[in-house]
Amino acid sequence: MPHFTVVPVKDQAQSSYDSLEGINWVDYRDTGQDYPDHQDTVSSDGHGNHKEDSPFLNSADAAGKKNDFYDRNLALFEEELDIRPKVSSLLSRLVNYTNITQGAKEHEEEESAEASRRKTPKSPNMGTLMGVYLPCLQNIFGVILFLRLTWIVGMAGIIQSLLIVLMCCSCTMLTAISMSAIATNGVVPAGGAYFMISRSLGPEFGGAVGLCFYLGTTFASAMYILGAIEIFLKYLVPQAAIFHATDPHGSDSAMLNNMRVYGSICLSLMAVVVFVGVKYVNKLASLFLACVIISIVSIYAGAIKSMTHPPEFPICMLGNRTLVRDRFDVCAKTVTQGNITVASQLWDRFCLPGNMSTAQCDDYFIQNNVTEIQGIPGLSSGIIRDNMWGNYMQKGEILEKAGLLSVDAHSAMENFIMYVSADIATSFTLLVGIFFPSATGMSDRKADFSVVLFGSCIEGVVLRDKFGDAVRKNLVVGTLSWPSPWVIVIGSFFSTIGAGLQSLTGAPRLLQAIAKDNIIPFLRVFGHGKNNGEPTWALLLTGLIAELGILIASLDMVAPILSMFFLMCYLFVNLACAVQTLLRTPNWRPRFKYYHWALSFLGMSMCLALMFISSWYYAIVAMGIAGMIYKYIEYQGAEKEWGDGIRGLSLSAARYALLRLEVGPPHTKNWRPQLLVLLKLDEDLHVKYPRLLTFASQLKAGKGLTIVGSVIQGNFLDSFGEMQAAEQAIKNMMEIERVKGFCQVVVASKVREGVVHLIQSCGLGGMKHNTVVMGWPYGWRQSEDPRAWKTFINTVRCTTAAHLALMVPKNVSFYPSNHERFTDGNIDVWWIVHDGGMLMLLPFLLKQHKVWRKCRMRIFTVAQMDDNSIQMKKDLATFLYQLRIEAEVEVVEMHDSDISAYTYERTLMMEQRSQMLRQMRLSSAERQREAQLVKDRHSLVRMGSLYSDEEEEVVEAPPEKVQMTWTREKCEAERRNRNNAPENFRELMSLKPDQSNVRRMHTAVKLNEVIVNRSHDARLVLLNMPGPPRNTDGDENYMEFLEVLTEGLERVLLVRGGGREVITIYS
């Protein structure tokens, strides 16, 4: 126990605890809540996130009470005390912490300040004894112990029964250890196992397993009700049966119908009791538990008494076959009345009416003797030796006792009803599934003792007699009790009723907890209830599902169903503990220390094994249900961040994978474009060209890495909120366009610098982008500032320097959306220079998407005069065959030709425009008019620039006052400059173009003519993007060359490789 020493500091200011009063608190998870009454609760924020009602920060009312914070000893922190409370305030808040969940009505009213001042109804609190201990006891001493444990011992034998108990109870014991660790690792509000699993493994696993656990608890209530009705109709009031068998072989169906009717009536009555109030359930539970304890004591007392005075329950045997005892009076073929021997009722059952000497009787009846054996030999009889091994039976097989003399003879079918027979086929796996619900709370010692006790006191054929037909319809375990079998019958009836009430009480609350978490949208309605939080709608659904179990009407068929759901829940409890232990998350600090990840894995393995041992098809169905719920929550449910272990496991796996990727660059066979998509946002922070994201999603199809980046111009401290808004806008657009990837927004003083930062820093380790996608700078010709297109060229240079591939979709607004389908058309690839095979790989990736799937691929290459075009075509076809790419191949011959007058004129106008904007210093309006004279007649429609100058650099505001000193020399020089302006313009008109620019323009014009001629109707044209000039003085000419190269094409993708091979012919 740590020791604390409190050292008082004398000060004139009031005590820190005195200043606590009246302070409101801020919960960092939901700053909109205001808790004026200092009561901590666990509530919901309206989106399903539980607020484990923070004793931490709140500043809702701090503005009017700042003086309470400021004292002389904490002056250094006084500016933050309104959002960060003092330790004394925190501790006083923690003292008042409670984990009792509010009702739905309380939560709704607490969101209103006016309603929160009113006193809300208090939700009923069942406490540890009534809410936990009692339901577990009633489950332990429940329906399986009273109705099926003796039958399990008789069928499986003592050895295999102990093995069943050991397997089931070991599973629950290991799960209890794991659950203890999780439960002591913080406060667990309403929801129990569901809350632990969901907060440990995430909402998907938590929701799936939580619903399975809810279904298991609901079917448990049906099982207990069926057990109660079986006791009622078989042992208490058999005359209450409504349906009766019309033939001897129809008794089973009549019994099932009786179970359905009375089970539905009992379920309705119990649902009414639960609806009226939990307090009535608690009051009845005490009475039920008293009956259970008396019943258990009577069994032990009867077992002890049987050592000296065993109870009289004789069993009538015909040969070695067990007879149904209530169908005749005397266990003999004949009886003596006076001095006359007459036929007994048993004789009349097996023989036709007539003289005894000539009567026609059943062969087996004639050839075998009738004997009586003791049904309860007692502890000292040594019957345990006969009951050590199992005796599994098929349906309809007659119960026989080994060791009794019997002559095998034919027996008439109509006499079959006289024998005690098996109602179902039994096996070890079936018994495991039936017994497990009882093991959910039973300890090994208690179960082992019961198995050995029953096997030591009761005859084997009586143990295998499920309904006590051989002991005059008495409950088998009741025959062992003292002073009367009725003690067990009544006690077991009340025990099953109480357990059913507890299950019917707990299941709706579990569903309400799942609904309040809001992880499954269609369950929201079940989160509401009465004013005190009672789950009315959840109770209604629980009753309907339980009715399905009642309609099954067989205890032996319902028990394996809930075993599957419970085992699945236990499996994930163990998994949660193991994952948290192995990950060693900082928050994993359970107070329960006696756990280990190996024990959790062992428990998880046993749960999985028991699921398939007991019923493999039920296990597959249960796992299928959980899987469907998991996928539904994954795709449709609300996203939650609960700090779960699966997220931690994902982080560990991601770290491991990233470290593995650091070993070296990916092999060519594994290369795929990992995209960095550079987006431009408008003034309202909306994505200006969303089709860039559409193109990225079609190219990636959910595979590989996609990073969407953008740049906000400004200062980080001032633009942080704008950056977050931009990031959210991009994420929303990514979701709309179905782009699976990451978003990165940076703030930089210049857009150009921000783009460089993105290219350098995006990604992590080996998971970095290798391809940059950026839009075309539309309207660069109309822009007065060269920065509009210099940013684009600078980005091209940066990607080249970083050895990254580059893709520039031109006319991206005309690209297809994800909802369009091309039913025909071509994707044309113009392979002019080899830069790693990007041009071959990109169409193949695009054709994987449904938009481009039906398009054909055509590859064009250019042959010069000295090239063998026929051989080139053959070689290219062979190369594509080795690449496993289907495409048409065409070789285009380009003949040497003189430079046309059009090319010369085009080059001249380009250089005149560049020279004019570079040399002439005119006003904005004058420069626009002069530039319009030499602007290209083929310029595109005005569109917004990708990186316009307004967003790139902030133009400094001119000073308020400009002082200039004019001299005579300056005035004359200014006058000469104005007079020389017309001469400069005439020189500009007589400018001769540079020959290198003429050659480049000639290439662009000739290539454009060929491409437009062959691919004017193509769905998409891919071509090599030439690199920018080494000399930055020719940047504007480079833009003009690209414009000329792509003129007249609707959709163009300019591709520039990253300097490495990205496609290979090898496997």
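Below: a short report on this structure. Please read all numbers here as calculations on a predicted model, not as lab measurements.

Moving on to a positive patch on the surface. Taken together, the side chains of Arg738, Arg821, Lys850 and Arg853 present a region of like positive charge at the surface. As for its position among the elements, arginine 738 is in the loop between α25 (716-736) and β10 (742-748). Judged by its relative accessible area of 57%, arginine 738 falls in the exposed class.

Between its first and last C-alpha, helix α14 (residues 428-439) extends 16 Å over 12 residues, near the 16 Å set by a 1.5 Å rise per residue. Of all 12 residues in α14, 11 are buried, a share of seventy percent or more. For α14, every residue scored as buried is listed here: Phe428, Leu430, Leu431, Val432, Gly433, Ile434, Phe435, Phe436, Pro437, Ser438 and Ala439.

Next up on the list: the pattern of salt bridges. Inspection of the entire model under this criterion finds 14 salt bridges. Residue lysine 466 pairs with aspartate 423 through a salt bridge whose shortest N-O separation is 3.0 Å. Linking lysine 466 in the loop between α16 (460-463) and α17 (476-480) with aspartate 423 in the loop between β7 (370-374) and α14, this pair joins segments that are 43 residues apart in sequence. Residue classification places lysine 466 among the buried residues on the basis of a relative accessible area of 6%. Through salt bridges that share partners, Arg148, Glu230, Asp423, Lys466 and Asp556 make up one connected network.

This paragraph deals with the sheet that holds strand β4 (residues 321-322). Spatially, β4-β3-β7 is the arrangement adopted by the 3 strands of the open sheet, whose pairing is antiparallel. Edge positions in the sheet fall to β4 and β7, since each has one partner strand and no second. Pairing between strand β3 (residues 314-318) and β7: 5 bridges, direction antiparallel. For isoleucine 315, the partnering residue across the bridge sits in β7 and is isoleucine 373.

Turning our eyes to something else, we now look at the packing of helix α10 (residues 251-276) against helix α11 (residues 278-305). Axis separation between α10 and α11 bottoms out at 5 Å; the angle between their running directions is 115 degrees. Contact residues: α10 offers Val273, Val274 and Val276, while α11 offers Val278, Tyr280, Val281 and Leu284.

Per the stated rule, a full pass over the model turns up 2 disulfides. Each disulfide pairs two cysteine sulfurs, and for cysteine 316 the partner residue is cysteine 331, the sulfurs being separated by 2.0 Å. Since a negative S-S torsion denotes a left-handed disulfide, the cysteine 316-cysteine 331 link at about 85 degrees is right-handed. Placement of cysteine 316 in strand β3 and of cysteine 331 in the loop between β4 and β5 (334-337) is noted, with a sequence separation of 15 residues between them.

A separate point is the sheet that holds strand β13 (residues 826-831). The strands that make up a sheet are held in pairs by hydrogen bonds between backbone atoms, and each pair lies either parallel or antiparallel. Across the sheet, 10 strands lie side by side as β10-β9-β8-β11-β12-β17-β16-β13-β14-β15; this open sheet has mixed pairing. In this open sheet, the two strands that pair with only one neighbour each are β10 and β15 (888-893). Adjacent strand axes in the sheet meet at a mean angle of 20 degrees, parallel and antiparallel pairs treated alike. Where strand β12 (residues 805-810) lies against strand β17 (residues 1052-1056), 5 bridges are found, and the strand directions are antiparallel.

Thresholds applied
Residues numbered from 1 in each chain as written. Predicted model: local features only at pLDDT ≥ 70, side-chain atom pairs only at ≥ 80, totals over all residues. Heavy atoms only, no water. Patch = residues over 30% accessible without salt bridge, like charges linked within 9 Å, V, L, I, M, F, W, Y side chains within 5 Å. Areas by Shrake-Rupley, 256 points an atom, 1.4 Å probe, with all protein chains shown as cover. Salt bridge = Lys/Arg side-chain N within 4 Å of Asp/Glu carboxyl O. Lys, Arg positive; Asp, Glu negative; His and termini not counted. Charge placed at Lys NZ, Arg CZ, Asp CG, Glu CD. Helix = DSSP H or I, 4+ residues; strand = E, 2+ residues; numbered from the N terminus. Buried < 20%, exposed > 50% of the residue type's maximum accessible area, 1.4 Å probe, protein only. Expected span 1.5 Å × (residues − 1). Pairing = 2+ DSSP bridges. Axes fitted to C-alpha atoms, helices over the stretch in contact; angles between N-to-C directions. Contact = heavy atoms within 4.5 Å. Disulfide = S-S within 2.5 Å.

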